Every structure is written in structure tokens, then in C-alpha cells.
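Close look at the chain arrangement
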Amino acid sequence: MQHDQRSIPARQNVRISPSLCFGPDHFVVAAGPCAVEGRDQLEDAARIAASAGAAMLRGGAFKPRTSPQSFQGLGTEGLLLLSEVSRATGLPVVTEVLDPRDVELVGQHAALLQIGSRNMQNFPLLREVGRLGAPVLLKRGAAATIDELLGAADYILEEGNTSIVLCERGIRSFDPGVRFTLDLTAVPRLQARSPLPVIVDPSHGTGVRSLVQPMARAALAAGADGLLIELHPHPEQALSDGPQALTPEDFRTLMAEIERWIPPTARKLARAPESQPYSGQERAEARAT
Ligand code: PEP
Ligand code: MN
């Protein structure tokens, strides 16, 4: 499958574990901190995410920061924490891989490997996650067109990996009142051109806490297949992206609202897998058998 085809096959499911998949029948909410900052912070965030009804845990171990002086993430230590907390809460992990040399390592801890917006056109990285064969979350570059996003997905597809979830996360515009401008037209435009699931990140897409809930609501109404949401047990203490992080209370309110809004959309809110989360190791074993 490549995206220059004229006729688009039926909407595709991307399976994360035996009982969790992205696709037309489910609305998957992945939530957690921008960055893994330590055990207590991650455990608290994961507990809040799980109890409010999120299906996946997000959290960056390798952080793409504008300045090299900013907190760069805990790296491998952060990945190990993600794995531990994932096992404890049952939430599969989505986390970013920045460097092609780390793809295999991140694949051992993540159920879904995130390619961040700054790397959307890092072609060696795209090929590497394509070769790994694990599910990939491909975020739109802040200045990327829809064609460019689909072209980036084609690099992963060309390596034989069709398990791709696309993500609209805001594009660069001129108004300093928001960090990025969330382009919700991307949802139906991508779905018209591609069978891949499309989710929305209203956290980076606005950069403003009070705008996250209204834009999450709008994403659901626009037909998105899920959400990627930043939350922090204490946003004022966050080492990155505190101003856009939902408080625990905000997140619970958001999930309660989604539960109310879901029925008219003919989808079900995805639940965390009943079995233990699908790790890279299990995925490798499943492939081998
Ligand atoms: C993230 O989701 O952690 C992130 C860094 O987002 P983006 O790549 O969209 O800026
Ligand atoms: Mn962030």
C-alpha cells in the first residue's frame, strides 16, 4: 500500500495488543506526562490516566528539546520506568524514539513507537521503525503538508510495516496566543486519502491547558480515532510543557465528557487491555511463532 493510490481501501485497524487497537470502531485515549521525570511522577500520572479510563500511557524518555540546555529526558532510565509502570497499571506505552540507533531498544519497552513532529522527515529513522515492524505513531511536522505527512508514512510502509497511526498535532501559524494552530481539517483530509487511523494531540496543538478540552471535543466530532493528551500530577512542577498539561481533575473531567460524547459517534471508548500490556519482547516472540 502506498498513498498515491486513487482508491482507498477500507479503514485499517492498527493492533497494539490482542485486545486493543486503533481503528474505526474504537476511540483510543493515550495520556501521561510530556516527559518521564521520575518514578513518583510517572506512577501518579499513570494511575490517574488508568483510573479515568485512558487506554494507553504516554511519556517521553528521549525528549526533542529546542535548546540543548533544556531537560533532555531520562533516556534509558525513563524507558525502564515506563516498562515497570506499564506492567503495574496494565497500560501499554507510547514513547518517542529520536535516534535510529535507539529503535530496537525503544521497541523493547514501547507498544507504540512515536516519531515526533521534528523527525517526521528523518528518513533513516522512518526506515528503521519500518524495518522493526512494531506499531508507529507518526506525528505531523509543524510545517508539513498532508502530502508530506503521507509521504513520510510511505517510507515506513515501504519497509513492510503497515501498523501506522497518524497524528495531527498543530502547525506553525502567526498568532502568539497559541503555541501551534490545531488543523482539524487534517482529520477528514487524511481519512479521505489513507486507510490509516488518525488521532489528534490537542496538548501540543494548542500549548494552552484551557484549550485542550474544547479541542479534544472538536477532534472527536471531526472523526478522529483517538487522542494523545499530556497530563501531570503537578503541572506547575513539570520539567517540560507544564502550561499545556492537564491537571488530574481536568483529565477526569475530559474523560467523563468523552464518555458522554462517544455514543452518537458509533464508536466505543477503547479500554486498556485486559491481559498484560504487549511489550516489544512479546511482540518479537509472537512474530517468531
Ligand atoms: C510529544 O508528543 O512528546 C512531542 C514532543 O510532540 P511533538 O513531536 O508533536 O512536538
Ligand atoms: Mn510535550
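Not measured: the values here are computed from a predicted model.

A tally of helices and strands in the protein chain yields 9 helices and 11 strands. A globule of 289 residues ought to have a C-alpha radius of gyration of about 19 Å, and the protein chain, at 17 Å, matches this closely. When its C-alpha atoms are laid out on the principal axes, the protein chain stretches across 45 × 40 × 40 Å. The 289 residues of the protein chain split such that 55% are buried. Summed over all atoms, the accessible surface of the protein chain reaches about 11900 Å², with 51% contributed by carbon and sulfur. The averaged location of the 33 negative side-chain charges in the protein chain is 3 Å from the averaged location of its 29 positive side-chain charges.

Attention now moves to the confidence of the model for the protein chain. Scored by pLDDT, the protein chain has a mean of 94; 93% of the residues are at 70 or more. Of all helices and strands in the protein chain, the one with the weakest mean pLDDT is helix 9 (residues 280–288) (66), whereas strand 7 (residues 136–139) scores best (99).

Before going further, it helps to examine the environment of alanine 31. Relative to the helices and strands, alanine 31 resides in strand 3 (residues 26–32). On the basis of relative accessibility, which here comes to 0%, the residue alanine 31 falls in the buried class. For the pair alanine 31 and alanine 219, spaced 188 residues apart in sequence, the C-alpha separation works out to 15 Å. Apart from residues lying up to four places away in sequence, alanine 31 is in contact with Ala49, Ala54, Met56, Leu57, Arg58, Ile229, Leu231 and Phe251.

So, about the coordination of the manganese ion (ligand 2). Around the manganese ion (ligand 2), the protein contributes the donor atoms Cys34 (SG), His204 (NE2), Glu230 (OE) and Asp241 (OD), which lie 2.0 to 2.4 Å from the metal centre. Here the donor residues of the manganese ion (ligand 2) share one chain and are spaced in sequence as C-x169-H-x25-E-x10-D. Residue histidine 204 is found in the loop between strand 9 (198–200) and helix 7 (209–221), and its partner aspartate 241 is found in the loop between strand 10 (226–230) and helix 8 (248–261); the two are separated by 37 residues along the sequence. Accessibility classification places histidine 204 together with aspartate 241 in one group, the buried group.

Let's shift gears to the pairing of strand 6 (residues 112–115). What you see with strand 6 is no split at all: Leu112 and Gln114 on one side and Leu113 and Ile115 on the other are buried throughout. Inspection of the sheet shows strand 5 (residues 93–96) paired to strand 6 by 3 bridges, in the parallel sense. Looking across to strand 6, one finds that glutamate 96 is bridged to glutamine 114. With respect to chirality, the unit in which strand 5 leads through helix 3 (residues 103–109) into the neighbouring parallel strand 6 is right-handed. One ladder, built from 3 bridges, connects strand 6 with strand 7; its direction is parallel. Looking at the pairing, glutamine 114 lines up with leucine 137 of strand 7. Each parallel crossover has a hand, and the one from strand 6 via helix 4 (residues 123–132) to strand 7 is right-handed.

Before going further, it helps to examine helix 7. Three or more residues of helix 7 are buried, namely Val212, Ala216, Ala219 and Leu220. The elements touched by buried residues of helix 7 are strand 3, strand 9, strand 10 and helix 8. A positive backbone phi angle near 100 degrees is found at glycine 223, which sits one or two residues after helix 7.

Rules used in this analysis
Residues numbered from 1 in each chain as written. Chains lettered and ligands numbered in written order. Predicted model: local features only at pLDDT ≥ 70, side-chain atom pairs only at ≥ 80, totals over all residues. Heavy atoms only, no water. Helix = DSSP H or I, 4+ residues; strand = E, 2+ residues; numbered from the N terminus. Rg over C-alpha atoms; globule rule 2.2 N^0.38 Å. Buried < 20%, exposed > 50% of the residue type's maximum accessible area, 1.4 Å probe, protein only. Areas by Shrake-Rupley, 256 points an atom, 1.4 Å probe, with all protein chains shown as cover. Lys, Arg positive; Asp, Glu negative; His and termini not counted. Charge placed at Lys NZ, Arg CZ, Asp CG, Glu CD. pLDDT = per-residue confidence, 0-100. Contact = heavy atoms within 4.5 Å. Donors = N, O, S within 2.8 Å, 3.2 Å for Na, K, Ca; no water. Pairing = 2+ DSSP bridges. Right-handed = clockwise from strand over helix to strand, strands pointing away.

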